[in-house]
Each structure stands twice: as C-alpha cells, then as structure tokens.
Amino acid sequence: INVIEPFTIPASWKLDRSFDWGVAKPFSVQWWAEADGTSVTRPDGTTWRPPRGTLFLVHEWYGWNGHANTGLRLTDPEVARGILAHEREHPVLSGRQVKGGPADPTIFDCSPEEVNGIRIETSIAKEHEKLGIRWVPAHAESGSRVPSGAKLRQMMKACHKQPMEDAG
C-alpha cells in the first residue's frame, strides 16, 4: 500500500530533501515530492488525485560502504557534491528546483577553527551552503519524536483508506 508504481511528478509539486548526517555511521539523504492537488496519470493509464500534502519518497542516497552500520567517511563538501550529482542525474530530480528540507540539527553546530591566525567558525550546514545546498534544522527537542511519529503513523494509515481523503 505504501509502495506504488512510479508516475510522472507534476511540475507544480514541490520537491525537497531531508538529511540524516553521518560519517563513521551511514548518512541518508531523501528526496520528497509533495502533492498539491494536481492529478497524476498512473502507469495503467488511470488518473489519481492524491490529497494535497501527500508525500512521496522519490529517491534516497544512503551513504554506507556495504558493511552494516558503517558510513562512507566522505568530507562535507564531498557529500554536498554528491547531493548535487544526484539532483542532476536522477530522472525525477533533474532540471527541477529542490528546496532544502529538514536536516539533523547537529549539522548546524559551529566548530571554531583557526586558519592563518584567523578564527573561523564553520559548520557542516555552512560547508554545504557554500556549494548551494541549504537545510533547515529538524525539530529535535526533548519529546519531539512522539508527535512526529504519531503524524507519520497517521499519514501511513491514510494510505489504506479508499478513496484516500487525507494526506498520506
């Protein structure tokens, strides 16, 4: 029910991405399409109008080296360049504007360093932004996972109701 045949994403739908950071552990970048009420044509030729706000995971880059729970150990600019490459090369993303979505809040932490006697404060988010990748901090306050998890379950259940009336 929650995996469907690919279809052409309407140009009016918003595309954004989310990011769970990792170096020694895998990172994950997900690209999402959000329905705006525009109808789509399914591969079987039927049309469907997903409720406004329905989210579709259209692509993921999982940064692991093939061994369980082990990341690629890429630098921050290498990850940003990889994200840009995925957005250039993936058929759903290519030629489309992708907005920066929620990211692991730790990427916004500044770590001061000194370069040629000049103190520079940088963060993973700032390193990504230098290459045009922007993020917004995900909510990670104490207890924030409970309502987020409840919303996810609500949206997953909405997919089971036919006709689908609420965002899923």
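Residues numbered from 1 in each chain as written. Predicted model: local features only at pLDDT ≥ 70, side-chain atom pairs only at ≥ 80, totals over all residues. Heavy atoms only, no water.

Colleague: Please give an account of the overall build of the protein chain that cites residues and values.
Modeller: A tally of helices and strands in the protein chain yields three helices and nine strands. Ordering the α and β elements of the protein chain from the N terminus gives β-β-β-β-β-α-β-β-β-α-β-α. Counting only C-alpha atoms, the protein chain reaches 65 × 40 × 30 Å along its principal axes. Within the protein chain, counting contacts between residues at least 6 apart in sequence, those at least 24 apart form 61% of the total. Side chains of the protein chain carry 20 positive and 21 negative charges; the gap between the two charge centres is 4 Å. (Helix = DSSP H or I, 4+ residues; strand = E, 2+ residues; numbered from the N terminus. Contact = heavy atoms within 4.5 Å. Lys, Arg positive; Asp, Glu negative; His and termini not counted. Charge placed at Lys NZ, Arg CZ, Asp CG, Glu CD.)

Colleague: An account of the pattern of salt bridges is needed here, citing residue identities and associated values.
Modeller: Per the counting criterion, the structure on display carries six salt bridges. Across the pair Glu34 and Lys14 runs a salt bridge whose closest N-O atoms are separated by 3.6 Å. Placement of Glu34 in strand E2 (residues 27–34) and of Lys14 in strand E1 (residues 14–20) is noted, with a sequence separation of 20 residues between them. (Salt bridge = Lys/Arg side-chain N within 4 Å of Asp/Glu carboxyl O.)

Colleague: How would you sum up the packing of aromatic side chains? Please name residues and give values.
Modeller: Enumeration over the complete set of coordinates arrives at nine aromatic pairs. Geometrically, the ring pair formed by Phe7 and Trp48 is edge-to-face, given 6.4 Å between the ring centres and 85° between the ring planes. Of the two residues, Phe7 sits in the segment before E1 while Trp48 sits in strand E4 (residues 47–48), which places them 41 residues apart along the sequence. The interplanar angle of 85° and the centroid separation of 5.9 Å between the aromatic rings of Trp48 and Phe56 together place this pair among those described as edge-to-face. For Trp48, a relative accessible area of 17% gives the class buried. An aromatic cluster of at least three residues, connected via ring pairs, comprises Phe7, Trp13, Trp48 and Phe56. One cation-aromatic arrangement involves Arg17 over Trp135; the distance from NZ or CZ to the ring centre is 5.1 Å. (Phe/Tyr/Trp six-rings, centres within 6.5 Å; stacked < 30°, edge-to-face > 60°. Buried < 20%, exposed > 50% of the residue type's maximum accessible area, 1.4 Å probe, protein only. Lys NZ or Arg CZ within 6 Å of the ring centre and 35° of its normal.)

Colleague: Lay out the layout of surface pockets in plain terms, naming residues and giving numbers.
Modeller: Reported here for the largest pocket is a volume of approximately 1,800 Å³. Forming the boundary of the largest pocket are 48 residues, of which Trp32, Leu55, Phe56, Leu57 and Leu152 lie nearest the centre. If one sorts the elements of the lining of the largest pocket by residue count, helix H3 (residues 145–158) sits on top with seven residues. Broken down by class, the residue content of the lining of the largest pocket amounts to 27 nonpolar, twelve polar and nine charged. (1 Å grid on protein atoms, 1.4 Å probe; cavity = no way out; pocket = protein on both sides within 12 Å on 5 of 7 lines; lining within 4 Å. Points joined across faces, edges and corners; volume = space filled by probe spheres on them. Nonpolar A, V, L, I, M, F, W, Y, C, P; charged D, E, K, R; others polar.)

Colleague: Any chance you could break down helix H1 (residues 76–89) for me, citing the residues and the numbers?
Modeller: Its 14 residues give H1 an end-to-end C-alpha distance of 20 Å, which sits within 8% of 20 Å, the value for a rise of 1.5 Å per residue. The set of residues buried in H1 consists of Val79, Ala80, Gly82, Ile83, Ala85 and Glu87. Buried residues in H1 make contact with E1, E2, strand E5 (55–63), strand E6 (98–103) and helix H2 (124–130). (Expected span 1.5 Å × (residues − 1).)

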